[in-house]
Amino acid sequence: MKQLITVNLKTKKYDIVISQSENDFFTVLEKAVKTNTFFVITDKNVEKLHLKYFTDLLKQKGFNVKTAVISAGEIGKNIKSLSSLYDSALEAGIDRKSCTVALGGGIVGDVAGFFAATYMRGINYIQVPTTLLAMTDSSVGGKTAVNIKGGKNVTGVFHQPDLVWINSTFLSTLSERHIKNGLAEVIKYAFTFDRKFYEYLSDMLEEGTTISPKDFDYTIYKSCSYKAKVVEKDEKEITGLRAVLNFGHTFAHALETITKYKKFLHGEAVAIGMLFAIKLSLELKTCNIETYKEVENLLYKAGFILNTKNDAKQMLSLMKKDKKSIDGNIKFVLIKDIGKAISSYVKDDVVLSVLKNFTEENK
Ligand SMILES: NC(=O)c1ccc[n+]([C@@H]2O[C@H](COP(=O)([O-])OP(=O)(O)OC[C@H]3O[C@@H](n4cnc5c(N)ncnc54)[C@H](O)[C@@H]3O)[C@@H](O)[C@H]2O)c1
Ligand SMILES: [Zn+2]
């Protein structure tokens, strides 16, 4: 079944097509991009699994197709990969009229998006996400980035795609661990925007149930709808609405940095970060104990391992470098109730004491 979500921005409008049909993709593509040449960027894993399928599709329609492959994983999300893409593109004759395709997970999406935003001062690109995380979050909204030594996603630009094609059949080759990774972002939408969706997910994740294709398509649709709405209202994270999507992320980014992107997948770190944020919400009395337990229960139900031991002071200092921190004051997304979130600056001593307890509990 095809579902279409249009992202209506002030300066641009684009479609998210959720469909397993290639015809649906081409129908929307024809309207979205006028080009003869596609530059398909993927990573080493997706290259083996899905690159031929995708490039054959484009070739069958008579397009010129050039490809480039970056290293898989957070290790490939750096300036070196970006620089190699500029070289490959130039060598392959990619010009201003060409269109980039990000075929892969969130890492390919972020790097390919950054490439498309800056190559020849910006060219078109489309997102073809292949992980649940990318289908439900990163492929929509135009945030692009690479990591630097000092932190994750520190360098990047906003560059909206011209089309997002979500074909959930790509998920058939994705590992359980990476499915769960994507679920963290899905759960985040429920915690911050929608109690009904929270209840739906809670039923879906009853012990022993595997997620059906129908559930996947519904969770993708719901997630993209929220993401699209938020991006429409606050494209560049100015009013604070889009910042709500960072629930759990201030802690998560510090955790990813402190563990050198090796120990946790992004979603796994976000799951722990959401538990930290709800503990902080409880400490600051923005929510009550029932809400706290609802958050904790769903995270456990989804099977996340929620303990980690890290130096509280070091975590605090990393959180101060977060993009949402201003003059060293850290802004957190806190929960009032399931479906209701707020952004608020929190004093260092409160953060530190919750961090210390968090670490103590996990000893
Ligand atoms: N731009 C945004 O708005 C935004 C939002 C959320 C996350 N992100 C970023 O996304 C990144 C994480 O994305 P991710 O979790 O998709 O990671 P990823 O891109 O590394 O993909 C996960 C792994 O799965 C492999 N893979 C991809 N598709 C596959 C498939 N269909 N079958 C089998 N294997 C497949 C990849 O090669 C990789 O090893 C982080 O860097 C995060 O910062 C960005
Ligand atoms: Zn995230």
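The preceding data block contains the structure.
No experiment lies behind these values; they were computed from the predicted model shown.

About the cut-offs
- Every chain is numbered independently, its residues counted from 1 as its sequence is written.
- Labels are handed out in written order, letters beginning with A for the chains and numbers beginning with 1 for the ligands.
- Owing to the predicted nature of the model, reporting of local features is limited to residues with pLDDT of at least 70; listing and counting of side-chain atom pairs is limited to 80 or more, with chain, interface and lining totals taken over all residues.
- As a rule here, side-chain values come from all non-hydrogen atoms in the structure, and water together with hydrogens is ignored.
- Working definition: helices are DSSP H or I runs of at least four residues, strands are E runs of at least two. Numbering for both runs from the N terminus.
- Here the globule rule is a power law, 2.2 Å times the number of residues to the power 0.38, and the radius of gyration is based on C-alpha atoms.
- Throughout this description, buried means an accessible area under 20% of the type-specific maximum (1.4 Å probe, protein chains only), exposed means over 50%, and partly exposed covers the range between.
- What makes two residues a contact is simply this: any of their non-hydrogen atoms within 4.5 Å.
- All accessible-area figures derive from a Shrake-Rupley calculation using a 1.4 Å probe, and residue coverage is judged against the displayed protein chains alone.
- Charge assignment in this entry is limited to Lys and Arg as positive and Asp and Glu as negative, and neither His nor the chain termini are counted.
- Taken as the charge location is NZ of Lys, CZ of Arg, CG of Asp or CD of Glu.
- When at least one non-hydrogen atom of a residue lies within 4 Å of a molecule or strand, that residue is treated as near it.
- The term polar contact refers here to a pair of N or O atoms within 3.5 Å; inside protein, the definition further demands a hydrogen-donor-capable atom paired with an acceptor-capable atom, and it admits residues adjacent in sequence only when both atoms are side-chain atoms.
- Polar here means any residue outside two lists: the nonpolar Ala, Val, Leu, Ile, Met, Phe, Trp, Tyr, Cys and Pro, and the charged Asp, Glu, Lys and Arg; Gly therefore counts as polar.
- Note: domain ranges come from an automatic or database domain assignment.
- For Phe, Tyr and Trp, where Trp contributes only its six-membered ring, two rings pair if their centres lie within 6.5 Å, and the inter-plane angle classes them as stacked under 30 degrees, edge-to-face over 60, or tilted in between.
- Only when the NZ atom of a Lys or the CZ atom of an Arg is both within 6 Å of the ring centre and within 35 degrees of the ring normal do we say a charge sits over the ring.
- In this description, a donor is an N, O or S atom within 2.8 Å of the metal centre, a cutoff extended to 3.2 Å for sodium, potassium and calcium. Water is not part of the atom list, which can make sites seem incomplete.
- Should DSSP find at least two bridges between two strands, the strands are regarded as paired.
- Orientation is described by axes fitted as lines to C-alpha atoms, over the contacting stretch for helices, and by angles from 0 to 180 degrees between their N-to-C directions.
- Take the far helix as the reference: if the near one is turned anticlockwise from it by less than a right angle, the crossing is left-handed, and if turned clockwise, right-handed.

Participant: So what about the overall build of the protein? Which residues, and what values?
Facilitator: Secondary structure summary: the protein contains 13 helices and eleven strands in total. Computed over the C-alpha atoms, the radius of gyration of the protein is 20 Å, within 12% of the 21 Å expected from 2.2 N^0.38 for a compact globule of 363 residues. Burial analysis of the protein (363 residues in total) assigns 57% to the buried set. Here the analysis covers contacts within the protein between residues at least 6 apart in sequence; of these, 74% occur between residues at least 24 apart. For the protein, the exposed area adds up to about 16,200 Å²; of that, 50% sits on carbon and sulfur atoms. Of note, the protein has its 51 positive side-chain charges centred 4 Å away from the centre of its 41 negative side-chain charges.

Participant: Could you give an account of the site of ligand 1, with specific residues and numbers?
Facilitator: Lining the immediate environment of ligand 1, one finds 28 residues, of which Asp 43, Gly 106, Thr 130, Thr 131 and Thr 173 sit closest. Within the contact set of ligand 1, an oxygen atom lies 3.0 Å away from a backbone nitrogen or oxygen of Ile 107. Asn 181 is positioned such that a nitrogen or oxygen atom in its side chain is 2.8 Å from an oxygen atom of ligand 1. Relative to its unbound accessible surface of 870 Å², ligand 1 loses 91% to contact with the protein. Broken down by secondary-structure element, the contributors of at least two residues to the shell around ligand 1 are α2 (44–60), α4 (106–118), α5 (132–138), β8 (151–155) and α6 (176–193). Here the shell around ligand 1 is built from residues that sort into seven nonpolar, twelve polar and nine charged. Shared between two domains, the shell around ligand 1 takes at least three residues from each, and those domains are domain 1 (3–173) and domain 2 (180–361).

Participant: Got a sec to walk through the packing of aromatic side chains? Specific residues and values, please.
Facilitator: Considering all chains together, one arrives at 19 aromatic pairs under this definition. Plain terms: the ring middles of Phe 191 and Phe 247 are 6.2 Å apart, the flat faces sit at 90 degrees to each other, and that makes the pair edge-to-face. Note that Phe 191 is positioned in helix α6 and Phe 247 in the loop between α8 (213–233) and α9 (249–258), a separation of 56 residues in sequence. One exposure class covers both Phe 191 and Phe 247, and it is buried. A cation over an aromatic ring shows up here: Lys 61 above the ring of Phe 26, its NZ or CZ 4.9 Å from the ring centre. One Lys or Arg, Lys 180, reaches over the ring of Phe 304 and ends 5.9 Å from the middle of that ring.

Participant: Tell me what's going on with the coordination of the zinc ion (ligand 2), and back it up with residues and numbers.
Facilitator: Every protein donor of the zinc ion (ligand 2) is listed here as Glu 185 (OE), His 249 (NE2) and His 266 (NE2), and their distances to the metal cover 1.9 to 2.1 Å. For the zinc ion (ligand 2), the single-chain donor residues occur in sequence as E-x63-H-x16-H. With Glu 185 in helix α6 and His 266 in helix α10 (residues 266–283), this pair connects stretches of sequence that are 81 residues apart. Note on accessibility: Glu 185 and His 266 belong to one class, buried.

Participant: Before we move on, can you summarise the sheet that holds strand β2 (residues 13–18) with the specific residues and values?
Facilitator: An order of β1-β2-β9-β6-β5-β3-β4 is seen for the seven strands of this open sheet, with the pairing classed as mixed. The strands lining the two open edges of the sheet, one partner per strand, are β1 (3–8) and β4 (64–70). Between one strand and the next, the sheet's axes are offset by a mean angle of 20 degrees, whatever the strand orientation. By the bridge criterion, seven bridges tie strand β3 (residues 37–43) to β4 in an arrangement that is parallel. Its bridge partner lying in β4, Ile 41 is registered against Ala 68. Against the sheet, helix α1 (residues 22–32) contacts β1, β2, β3, β6 (124–129) and β9 (163–166), and its axis sits at roughly 175 degrees relative to β9. Lying on the sheet, α8 is in contact with β1, β2 and β9; it crosses β1 at an angle near 15 degrees.

Participant: Go over the packing of helix α7 (residues 195–204) against helix α11 (residues 289–301) with me, naming the residues and quoting the values.
Facilitator: It is at 10 Å that the axes of α7 and α11 come closest, and there the two elements cross at 35 degrees. In this structure, the crossing between α7 and α11 has a hand that is left-handed. Here Arg 195, Tyr 198, Leu 201 and Ser 202 of α7 come into contact with α11, specifically with Glu 294, Val 295, Leu 298 and Lys 301. Residue composition of the contact of α7 with α11, grouped by class: four nonpolar, one polar and three charged.

Participant: Pulling in residues and values, what's your account of the pairing of strand β10 (residues 330–337)?
Facilitator: Inspection of the sheet shows β10 paired to strand β11 (residues 340–346) by seven bridges, in the antiparallel sense. In the sheet register, Lys 331 faces β11, and the bridge partner there is Tyr 345.

This is a description of form; function is not addressed.
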